[in-house]
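Tertiary structure, described
Listed here are the chains, written in short residue letters.
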Amino acid sequence: MTLFDLTGKTAIVTGANTGLGQAFAIDLARAGVRVACVGRSSMNDTLAKIGDPDRALAVQADIGSLEPIGRIVSEVTEWAGDIDILVNNAGIIRRADALDFTEDDWDAVMDVNLKSLFFLSQAVARQMVPRGSGKIINIASLLSFQGGIRIPSYTASKSGVAGLTKLLACEWGPRGVNVNAVAPGYIETNNTQALRDDPARNKAILDRIPAGHWGQPSDISGAVMFLASKASDYVHGITLPVDGGWLAR
């Protein structure tokens, strides 16, 4: 087995129906991984792009609550056996001035972005820890490092993801499980279309990125696949920015 070989592994990817999660699921499947694609909406597009029914499983679940956590793990285990990789990608965002931000918007974001991330990690780690191996990869954000504006619960949740990544690495690293995070920069997805279509915002963003262009989903997939592979066995508790140099400015 080479350092980056993922053949025969089993992964769960949350939020795999669109955007970055879809890219992770497709690229992992192309690398020989059996991928359980978790999302609250149809996974048909993702499964069609993977193109191999033996390599992909759709798991319909809304992780805005903890109710489906046990079912997700049991369905994947029944389908493919041991879970080797968990990619906690699902996330939501709500925008409003901090003075006007509501409790409902706070709770909705925190429930998906942080609470369910922790309890799904816990459920999967209950398999990984006794086995002494596994890779958990959380999708953080540049807002794990910066404050932003008008997204208080998103910033709090993604800062929490970075902190929780360290905590879980400290607890589970000695027991054979790697827990790390990736912080995507400005990536060309459907979620950023409005920013790219606004000439002023697009220019302001590009002017700050040393790489000089928006990232592609494959740029983030590369980091995820590194952290999922044997090549990262001595990497624990990091939040890796993949941002074209944004944070260097």
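This text goes with the structure placed above it.
As a starting point, this report considers the structure included with it. Just so it is clear, the structure is predicted and the values come from calculations on it, not from any experiment.

**So, the overall build of the chain**
Each helix and strand in the chain was counted, giving 8 helices and 7 strands. Compactness check: the chain gives a C-alpha radius of gyration of 17 Å against a globular reference of 18 Å for 249 residues, within 12% of the reference. With the C-alpha coordinates of the chain rotated into their principal frame, the extents come out at 50 × 40 × 35 Å. In the chain, which comprises 249 residues, the share counted as buried stands at 50%. Sequence-distant contacts, at least 24 apart, represent 68% of the contacts inside the chain between residues at least 6 apart. A total of about 11,400 Å² of accessible surface is found on the chain, and carbon and sulfur atoms cover 53% of it. In the chain, 23 positive and 26 negative side-chain charges are present, and the distance between their average locations comes to 5 Å.

**A closer look at the packing of helix α3 (residues 69-80) against helix α4 (residues 103-131)**
When two helices pack together, you describe them by how their axes are tilted relative to each other and by the distance separating the axes. At a closest axis distance of 10 Å, the pairing of α3 and α4 adopts a crossing angle of 40°. Here α3 lies oblique to α4, going by the angle between them. Remark: the crossing between α3 and α4 carries right-handed chirality. Contacts between α3 and α4 involve Ile69, Ile72, Val73 and Thr77 on the former and, on the latter, Ser116, Phe119, Leu120, Ala123, Val124 and Gln127. Partitioned by chemical class, the residues of the contact of α3 with α4 number 7 nonpolar, 3 polar and no charged.

**As for the pairing of strand β5 (residues 134-139)**
Extensive coverage of β5 is indicated by the burial of 6 of its 6 residues. A two-sided burial pattern is seen for β5, the buried positions comprising Gly134, Ile136 and Asn138 on one face and Lys135, Ile137 and Ile139 on the other. Alignment of strand β4 (residues 85-88) against β5, held across 4 bridges, turns out to be parallel. Paired with Leu86 across the bridge in β5 is Ile136. On the question of chirality, the crossover connecting β4 to the parallel β5 by way of α4 is right-handed. Where β5 meets strand β6 (residues 177-184), 6 bridges bridge the pair, whose relative direction is parallel. Residue Lys135 lies in a different strand from β6, and its bridge partner there is Asn178.

**Description of the side chain of Thr155**
For Thr155, the position within the fold is in helix α5 (residues 152-172). Thr155 sits in the buried class, given a relative accessible area of 13%.

**Structural notes on the packing of α4 against α5**
α5 packs onto α4 with a crossing angle of 15° between their chain directions and a minimal axis gap of 9 Å. Considered as vectors, α4 and α5 are oriented roughly parallel to each other. In this structure, α4 meets α5 at a crossing whose hand is right-handed. Two secondary-structure elements touch here, α4 through Asp105, Trp106, Val109, Met110, Asn113, Leu114, Leu117, Phe118, Ser121, Gln122, Ala125 and Val129 and α5 through Pro152, Ser153, Tyr154, Ala156, Ser157, Lys158, Gly160, Val161, Leu164, Leu168 and Trp172.

**Digging into the sheet that holds β5**
Strand order in the open sheet formed by 7 strands is β3-β2-β1-β4-β5-β6-β7, and the pairing between neighbours is parallel. Each end of this open sheet is capped by a strand with a single partner; those strands are β3 (56-60) and β7 (239-242). Here the average twist between neighbouring strands, direction ignored, is 20°. The strands touched by helix α8 (residues 217-228) within the sheet are β4, β5, β6 and β7, with β6 carrying the most contacts at an inclination of about 170°.

**Considerations on the side chain of Thr10**
In this fold, Thr10 is placed in strand β1 (residues 10-14). A polar atom in the side chain of Thr10 sits 2.8 Å from the side chain of Arg34. Discounting chain neighbours no more than four positions away, the residues touching Thr10 are Val33, Arg34, Val76, Ala80, Asp82, Ile83, Asp84 and Ile85.

**What about the environment of Ala123?**
Among the structural elements, Ala123 can be located in helix α4. Sequence spacing of Ala123 and Ala223 is 100 residues, and the spatial spacing of their C-alpha atoms is 24 Å. Ala123 has contacts with Ile69 and Val73, leaving out every residue within four places of it along the chain.

Rules and cut-offs
Residues numbered from 1 in each chain as written. Predicted model: local features only at pLDDT ≥ 70, side-chain atom pairs only at ≥ 80, totals over all residues. Heavy atoms only, no water. Helix = DSSP H or I, 4+ residues; strand = E, 2+ residues; numbered from the N terminus. Rg over C-alpha atoms; globule rule 2.2 N^0.38 Å. Buried < 20%, exposed > 50% of the residue type's maximum accessible area, 1.4 Å probe, protein only. Contact = heavy atoms within 4.5 Å. Areas by Shrake-Rupley, 256 points an atom, 1.4 Å probe, with all protein chains shown as cover. Lys, Arg positive; Asp, Glu negative; His and termini not counted. Charge placed at Lys NZ, Arg CZ, Asp CG, Glu CD. Axes fitted to C-alpha atoms, helices over the stretch in contact; angles between N-to-C directions. Parallel < 35°, antiparallel > 145°, perpendicular 65-115°, else oblique. Left-handed = near helix turned anticlockwise from the far one by under 90°. Nonpolar A, V, L, I, M, F, W, Y, C, P; charged D, E, K, R; others polar. Pairing = 2+ DSSP bridges. Right-handed = clockwise from strand over helix to strand, strands pointing away. Polar contact = N/O pair within 3.5 Å; in protein donor to acceptor, adjacent residues only side chain to side chain.

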